[in-house]
Protein chains: 2
Amino acid sequence: MIVQKPRRSNRTTARSIAKPSAEKDKDAVRFVALGGLEEIGRNMMFFEYRDEIIIIDVGLQFPEEETPGIDYIIPNTTYLESKKENIKGIIITHGHYDHIGALPYVLDRIGNPLIYATKLTKEIVLKRQEDFPNSAKPVFEAIKGGDTIRLGEHFSVTFFDVVHNIPEGVGMIIHTPVGNVVHPGEFKFDYDNDGKPRGLDTWKWVGEQGVHTLMLDSTGSEMPGYALSERIVEAELEKIFKAAKGRLLVGTFASLLDRLGEIIKIAAKLNRHVAISGLSMKSNVEIAQRLGYLKVEKNTIIPLEEIKKYPDEKILILCTGAQGEPKASLMRIANGEHRHIQVKSGDTIVLSSSIVPGNERSVQNLKDNLARQGAIIYHYKMLDIHSSGHAPQEELKTVIKLVKPRFFLPIHGYYFMRWRNAKLAQEAIGLKPEETILTDNGRVVELKKQSIHLTNQEVPSYYVMVDGLGVGDVGEVVLRDRRALAQEGMIVIIATLGRQNGRILKNPDIISRGFIYLKDNQEILEEIRRKIRGIVGRIPHYQELDADYVKTLIRDQIGQYVFNKTKRRPMILPVIIEV
Amino acid sequence: MIVQKPRRSNRTTARSIAKPSAEKDKDAVRFVALGGLEEIGRNMMFFEYRDEIIIIDVGLQFPEEETPGIDYIIPNTTYLESKKENIKGIIITHGHYDHIGALPYVLDRIGNPLIYATKLTKEIVLKRQEDFPNSAKPVFEAIKGGDTIRLGEHFSVTFFDVVHNIPEGVGMIIHTPVGNVVHPGEFKFDYDNDGKPRGLDTWKWVGEQGVHTLMLDSTGSEMPGYALSERIVEAELEKIFKAAKGRLLVGTFASLLDRLGEIIKIAAKLNRHVAISGLSMKSNVEIAQRLGYLKVEKNTIIPLEEIKKYPDEKILILCTGAQGEPKASLMRIANGEHRHIQVKSGDTIVLSSSIVPGNERSVQNLKDNLARQGAIIYHYKMLDIHSSGHAPQEELKTVIKLVKPRFFLPIHGYYFMRWRNAKLAQEAIGLKPEETILTDNGRVVELKKQSIHLTNQEVPSYYVMVDGLGVGDVGEVVLRDRRALAQEGMIVIIATLGRQNGRILKNPDIISRGFIYLKDNQEILEEIRRKIRGIVGRIPHYQELDADYVKTLIRDQIGQYVFNKTKRRPMILPVIIEV
């Protein structure tokens, strides 16, 4: 494992420049992750060999505390835009937004290359595309497990099926000029009713192809043991559903297509009708039905408007918002803002999803609100009613042992998770630290026939932020201002001066937001005004007014005064009006 | 259990008014929690009987996402301020900040009543008081387990020792005119080496006194089973310490006095010297030494400056910041900003504390940064190296069974946690739902000889926020502005008009922060200016200028334009300057 010094985070917009291609090793395959390595999400990576590029996934990341007000963060495609004629195709591993979500923003910029995806993944991409009528129309080639496709002269890719929590996920062997690189997408083990993992043959077969480098999802690398089998989740859910005397409301992720299918099947078995609240969930279930992943009798799924036609014990409502998202169904239900559903005493509410870090408080609020209204609540911490889609430590180790790669490159996850994953590979098959590579977003890794190494080359990978209609127009400075405004607020100070003599024409105007009520603090207000008159008054009036200089004086002196007085540092924004 | 409709959260500043005392039942004991019921923290409650009041705990709460920029949130003492002559004393259960932290802000306001606390708790309060030289000097009466004190004519209190993660925690039986109320403070079970809980006799004895109402901490009520024994934590820590070849850095909470003691003892046993980084931790260890809770040889604890005098394998550094707090030791170490400590390859770093909800990202960053520098990291999710201080379900049930109260009133924790705790009491001893009371901050509960009930009376319990030097001067409006500024930023628009004719004298000045770079978006800037000229131009000039009306026009029309153009809603702040 090659350990690096702490480096500037990818949240800065500092533009790192790729070294000129003259320095490239002509016989090396270059690998770059544009996202996904210092976050959970924004998965996008590419391989480059001479003048050919293939891309894997084009995902988005949801905003974080440090990026207030942002809608999404998408991968930086600056490098690919400069080489778009070289792009031979995009491969999508599965239909989750952290793997497909940036397509509408990025496709145009990189020349709308052909997309290789399974049928279900394609449907989900197309569904989302409806919200972006002006972006490029994606062009697909359908693939499935077992297929091999050729991409350009130097790459070919063989797909194999993997189990995730959405159907039709694929992993792949990328046949490159230096050897086979395995990228299994995201996966977990599927267990039979005896608790034995299924499909280990596939991994064995992959290993038999001879593997140069294994790239492995690190999301589950901190979790010990094996994943909870979905069979157990099903059984637990069935137990709760059976015990429920009134209505059942089940909250989960709209993207957990497999779970949605399980829940609907159990409901049907127990003669409950299923109504779905949440657009994304509804359209996902429709897609699953259309493609044959979900087969239920005609009247199992009913429109939400019709739930009142049935007795409570015949109803199950599937809804989004188990994370406490303010606008999703479950939160609107909890707050009494839902058009069709009000919580009533005797409802059983099941939250069948884990809590995404950062959402703990929202989920707590959600549970509080629902409990206050008399609902009986089950959530995944109380019972085995959720299982992650990502292989934990023992499953990762099993894969590593079966695939037996010469080199190991953990992907998807924060540094510590990838470090942990690298340790697993070292433990499982005795790889040396230098054979397990911890790279970074934007960093170029060179794969040669007998080696792999981290270069010093970088391509731009700084955040591209989507905010409203803007893509990339909110940068680090704007975010820094937002964070500062959130912490201490601001004071705008307007000094109106006579152009002729530089004298103050009127009492300075002062407005503040997010600081304190200035109206209730006349003393501070008056002192600020007095100080401004002093600052302006001390400027010799034979001198031409240097507005920037006066602003600096105001900013410094008023800032210091306010801090001494309140121990707070609001943003001070001086404006000089010359009339 | 009495289930209530969802109510306005205590985060609003709406002033609820206590009903006039004429309506009070003269024979009832009134109980009110001023905080701690819709949060973790800010614990403060009082009992009132006729003209006598006793208070338990005066804690603070740390800020949350919804209260940006705030230092602390403290309990609202409006009601107590109006009755300060009735206050017979404050009882402090233990020395954690969520039980003592608001004392310096509150004591003055409520007439500086006598504080009953154990020796250690007193020392911690006094230590903190040093930071508040201008606040009231607290007056103490020392108590210990087994003591009984009289408070006024109607109350007396018998204390008993409980085990928490700080020494000298006490629980109490409050002898009131209507019966005994038990408040056990915060506690967990202590286990002997065979895994048997110690001290069950105490709980049995408490039960034998005859208990009207049991008030029970709900923090652990969602956790199934029993707490991890500190003996196991100790053993695990010792194992890791023994295996460490280089330096050891251990991060934990400064307030976990027991854990600090354990770590120092193991270090001494393994011949490691202990250096402490973090002021609060250092002063807590000093207090523990002074009071005899921690006995170590003279040269076990060394000054931080001296760590370089010893070989790495003889050093253990205890530090604050295991939550990734930006200014605490471990984060400064991780960022290379610590004066005495730089991470080096071969360091073993142990995070011996849970993650406080909301800190997940910071802890992830911390681990990433430390791992990048070559440290070997252990944290509590990987191993049994942390145990909560709060009794989980089975321990709570054991206490309920031994205390056998007639009524049950869960305290400390969000509604759902208290709901869960009430369920435990119903399961454990068959209490009826109406015998388990779920109240709210500020709500008056009446205890009578044969009953307990939730009244409709309320005393003010809205948030009082501490920000810099201000207490209570940041209200909901200021916070709302901060949140809005954080999401979309703001635009200040300054229109300078002639007082005589209402005509625009100069091109409108526009400044924005946290929105987009207006400099890069000249088109929007120009359009805003054009629109302002239009708005002002359309005002008939024979009419006197109505500045508020013009501002409303600007706010609406510019706001709409910006939204159409960008799908964002920055705060629009129009200023009219008349010259």
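All figures in this text were calculated on a predicted structure; none of them were measured in a lab. (Residues numbered from 1 in each chain as written. Chains lettered and ligands numbered in written order. Predicted model: local features only at pLDDT ≥ 70, side-chain atom pairs only at ≥ 80, totals over all residues. Heavy atoms only, no water.)

Novice: Any chance you could explain the overall build of chain A here in plain terms?
Specialist: Helix and strand counts for chain A come out as 15 helices and 28 strands. For chain A, the spread of C-alpha atoms along the principal axes amounts to about 90 × 70 × 45 Å. Restricting to contacts in chain A with at least 6 residues of sequence separation, those with at least 24 account for 72%. For chain A, the computed accessible surface area is about 23000 Å², with 48% contributed by carbon and sulfur atoms. When the 80 positive and 74 negative side-chain charges of chain A are each reduced to one mean point, those points stand 3 Å apart. (Helix = DSSP H or I, 4+ residues; strand = E, 2+ residues; numbered from the N terminus. Contact = heavy atoms within 4.5 Å. Areas by Shrake-Rupley, 256 points an atom, 1.4 Å probe, with all protein chains shown as cover. Lys, Arg positive; Asp, Glu negative; His and termini not counted. Charge placed at Lys NZ, Arg CZ, Asp CG, Glu CD.)

Novice: Can you help me understand the packing of aromatic side chains in this one?
Specialist: Aromatic rings considered in pairs are described by the distance between their centres and by the relative angle of their planes. Under the counting rule described, the total for this entry stands at 18 aromatic pairs over all chains. Seen from their ring centres, phenylalanine 160 of chain A and tryptophan 203 of chain A are 5.6 Å apart, and the 75 degrees between their planes marks the pair as edge-to-face. Taken as a pair, phenylalanine 160 of chain A in strand β9 (residues 155-162) and tryptophan 203 of chain A in helix α5 (residues 200-208) lie far apart in primary sequence, 43 residues in all. What makes tryptophan 203 of chain A buried here is its relative accessible area of 6%. Chaining the aromatic ring pairs together yields one cluster made of Phe62, Tyr72, Tyr105 and Phe132 of chain A. Lying across the ring of phenylalanine 563 of chain B, lysine 567 of chain B places its NZ or CZ 5.1 Å from the centre. (Phe/Tyr/Trp six-rings, centres within 6.5 Å; stacked < 30°, edge-to-face > 60°. Buried < 20%, exposed > 50% of the residue type's maximum accessible area, 1.4 Å probe, protein only. Lys NZ or Arg CZ within 6 Å of the ring centre and 35° of its normal.)

Novice: Sorry if this is basic, but what is going on with the packing of helix α12 (residues 415-429) of chain A against helix α10 (residues 360-372) of chain B here?
Specialist: Helix-helix packing: each pair is described by the crossing angle between the helix axes and the interaxial distance. Packing of α12 of chain A against α10 of chain B brings their axes to within 7 Å, and their N-to-C directions diverge by 50 degrees. Here α12 of chain A is positioned oblique relative to α10 of chain B, judged by the angle of their axes. Contacts from Tyr415, Phe416, Met417, Arg418 and Trp419 of chain A in α12 of chain A reach Gln364, Lys367, Asp368, Ala371 and Arg372 of chain B in α10 of chain B. Here the contact of α12 of chain A with α10 of chain B is composed, by residue class, of 5 nonpolar, 1 polar and 4 charged. (Axes fitted to C-alpha atoms, helices over the stretch in contact; angles between N-to-C directions. Parallel < 35°, antiparallel > 145°, perpendicular 65-115°, else oblique. Nonpolar A, V, L, I, M, F, W, Y, C, P; charged D, E, K, R; others polar.)

Novice: It is not clear to me how the interface of chain B and chain A should be interpreted in this structure. Could you clarify?
Specialist: It is common to report an interface's size as the accessible area lost on association of the parts. Across the contact, 78 residues belong to chain B and 78 residues belong to chain A. Buried area between chain B and chain A, both sides added, is near 6500 Å², and the carbon and sulfur share of it is 60%. The three residues of chain B that bury the most area against chain A are Arg361, Arg372 and Phe416 of chain B, which together make up 13% of that side's buried surface. Our count for the contact surface shared by chain B and chain A stands at 11 salt bridges. In this structure, the salt-bridge partner of lysine 367 of chain A is glutamate 222 of chain B, at a minimum N-O distance of 2.9 Å. At the boundary of chain B with chain A, the tally comes to 22 residue pairs in polar contact (both at pLDDT 80 or more). Elements supplying a minimum of two residues to the side of chain B that touches chain A: α10, β20 (376-379), α12 (415-429), α13 (476-488), β26 (490-497), β27 (509-513), α15 (547-566) and β28 (571-578) of chain B. Among the elements that make up the side of chain B that touches chain A, the one with the highest residue count is α10 of chain B (9 residues). Tallied by class, residues from the side of chain B that touches chain A come to 33 nonpolar, 17 polar and 28 charged. (Buried area = accessible area lost by both parts, 1.4 Å probe. Salt bridge = Lys/Arg side-chain N within 4 Å of Asp/Glu carboxyl O. Polar contact = N/O pair within 3.5 Å; in protein donor to acceptor, adjacent residues only side chain to side chain.)

Novice: Whenever I open this one, the domain arrangement of chain A confuses me. Can you help?
Specialist: All names here are of chain A. In terms of domain boundaries, chain A breaks down into domain 1 (25-225 + 388-471), domain 2 (230-379) and domain 3 (489-578). Domain 1 and domain 2 are separated by 32 Å when their C-alpha centres are compared. Considering only the side of domain 1, the residues that lose the most area to domain 2 are Glu123, Asn165 and Pro167, jointly responsible for 36% of the buried surface there. One can count 3 salt bridges joining domain 1 with domain 2. Among the salt bridges present, the one from glutamate 123 reaches arginine 290, with a minimum N-O distance of 2.4 Å. In this structure, the connection of domain 1 to domain 2 is made through 7 residue pairs in polar contact (both at pLDDT 80 or more). Take the side of domain 1 that touches domain 2: its biggest share by element is 5 residues, from helix α4 (residues 119-129). Grouping the constituent residues of the side of domain 1 that touches domain 2 by class yields 5 nonpolar, 4 polar and 7 charged. (Domains from an automatic or database assignment.)

Novice: Where do I start with the sheet that holds strand β27 (residues 509-513) of chain A in this structure?
Specialist: The pairing of strands in a sheet happens through backbone hydrogen bonds and is either parallel or antiparallel. All names here are of chain A. Reading across the sheet, the 3 strands line up as β27-β26-β28 and stay open at both edges, with mixed pairing between neighbours. If you trace the sheet from one side to the other, it starts and ends with β27 and β28 (571-578), each paired once. Here the average twist between neighbouring strands, direction ignored, is 15 degrees. With 8 bridges joining them, strand β26 (residues 490-497) and β28 adopt parallel strand pairing. Looking across to β28, one finds that methionine 490 is bridged to methionine 571. Across the sheet, helix α14 (residues 522-537) lies against β26 and β27, angled at about 45 degrees from β26, the strand it touches most. Across the face of the sheet, helix α15 (residues 547-566) comes into contact with β26 and β28 while running at roughly 145 degrees to β28. (Pairing = 2+ DSSP bridges.)

Novice: Help me understand α15 of chain A, please; the structure alone is not making it clear to me.
Specialist: The periodicity of an α-helix, 3.6 residues per turn, causes residues three or four places apart in sequence to face the same way. Between its terminal C-alpha atoms α15 of chain A stretches 28 Å, which fits the 28 Å expected from 20 residues at 1.5 Å a residue. Every buried residue of α15 of chain A is listed here: Val550, Ile554, Ile558, Gly559, Tyr561, Val562 and Thr566 of chain A. Among the structural elements, β26, α14 and β28 of chain A together with β24 (464-467) of chain B are those in contact with the buried residues of α15 of chain A. Two residues or fewer after α15 of chain A comes lysine 567 of chain A, characterised by a positive phi angle close to 55 degrees. (Expected span 1.5 Å × (residues − 1).)

Novice: Where do I start with the packing of helix α5 (residues 200-208) of chain B against helix α11 (residues 393-403) of chain B in this structure?
Specialist: Residue and element names in this part refer to chain B. It is the contact of α5 with α11, at a shortest axis distance of 7 Å, that shows an interaxial angle of 40 degrees. Looking at the two axes, α5 sits oblique to α11. Contact residues: Leu200, Trp203, Lys204, Val206 and Gly207 in α5; Thr398, Val399, Leu402 and Val403 in α11. Looking at side-chain class alone, the contact of α5 with α11 contains 6 nonpolar, 2 polar and 1 charged residues.

Novice: Would you mind showing me how to read the relation of the copies chain B and chain A here?
Specialist: One copy of the chain maps onto the second through a rotation around an axis plus a translation along that axis. Superposition of chain B onto chain A requires a rotation of 180 degrees combined with a translation of 0.0 Å along the rotation axis, giving an RMSD of 0.1 Å. In short, the pair behaves as if placed about a two-fold rotation axis. In this assembly the copies share their binding face: 100% of the residues contributing to the interface of chain B also contribute to that of chain A. (Least-squares fit on C-alpha atoms with pLDDT ≥ 70 in both.)

Novice: In this structure, what is going on with helix α6 (residues 230-243) of chain B? I would like to understand it.
Specialist: Residue and element names in this part refer to chain B. With 14 residues, α6 extends 20 Å from end C-alpha to end C-alpha; this agrees with the ideal 20 Å at 1.5 Å per step. Taken residue by residue, α6 has Glu230, Val233, Glu236, Leu237, Glu238, Ile240 and Phe241 as its buried positions. Here the buried face of α6 lies against β15 (248-251), α7 (257-269), β18 (315-319), β19 (348-351) and β20. The opening residue of α6 is serine 229, an N-cap whose side-chain oxygen sits 2.9 Å from the backbone nitrogen of arginine 231.

Novice: Teacher, can you tell me more about the pattern of salt bridges here?
Specialist: Where charged atoms from two side chains of opposite charge come close, those side chains can pair. Taken as a whole and assessed by the stated rule, the structure comprises 71 salt bridges over all chains. Linking arginine 568 of chain A and aspartate 467 of chain B is a salt bridge whose minimum nitrogen-to-oxygen distance equals 3.6 Å. With one member in each of two chains, arginine 568 of chain A in the loop between α15 and β28 and aspartate 467 of chain B in strand β24 form a pair that bridges those chains. Since its relative accessible area comes to 2%, aspartate 467 of chain B is described here as buried. One salt bridge in this structure joins glutamate 230 of chain B and arginine 259 of chain B, with 2.8 Å as the shortest N-O distance. Within this pair, whereas glutamate 230 of chain B is found in helix α6, its partner arginine 259 of chain B is found in helix α7, the two being separated by 29 residues in sequence. By the burial criterion, glutamate 230 of chain B is buried, and arginine 259 of chain B matches it. A single salt-bridge network, built from bridges that share partners, covers Lys188, Glu230, Arg259 and Glu262 of chain A.

Novice: Just checking my understanding: could you explain a nonpolar patch on the surface for this structure?
Specialist: A cluster of nonpolar side chains, contributed by Leu505 of chain A together with Leu505 and Val579 of chain B, occupies part of the molecular surface with about 230 Å² of accessible area. Using a relative accessible area of 43% as the deciding quantity, one classes leucine 505 of chain B as partly exposed. (Patch = residues over 30% accessible without salt bridge, like charges linked within 9 Å, V, L, I, M, F, W, Y side chains within 5 Å.)

Novice: Just to check I follow, could you spell out the sheet that holds β26 of chain B for this structure?
Specialist: Residue and element names in this part refer to chain B. Pairing is mixed in the open sheet, where 3 strands are placed in the order β27-β26-β28. Strand pairing shows two members of the sheet lacking a second neighbour, β27 and β28, which therefore form its edges. Sheet twist, expressed as the mean angle between neighbouring strand axes with direction ignored, is 15 degrees. Lying over the sheet, α15 contacts β26 and β28, oriented at roughly 145 degrees with respect to β28.

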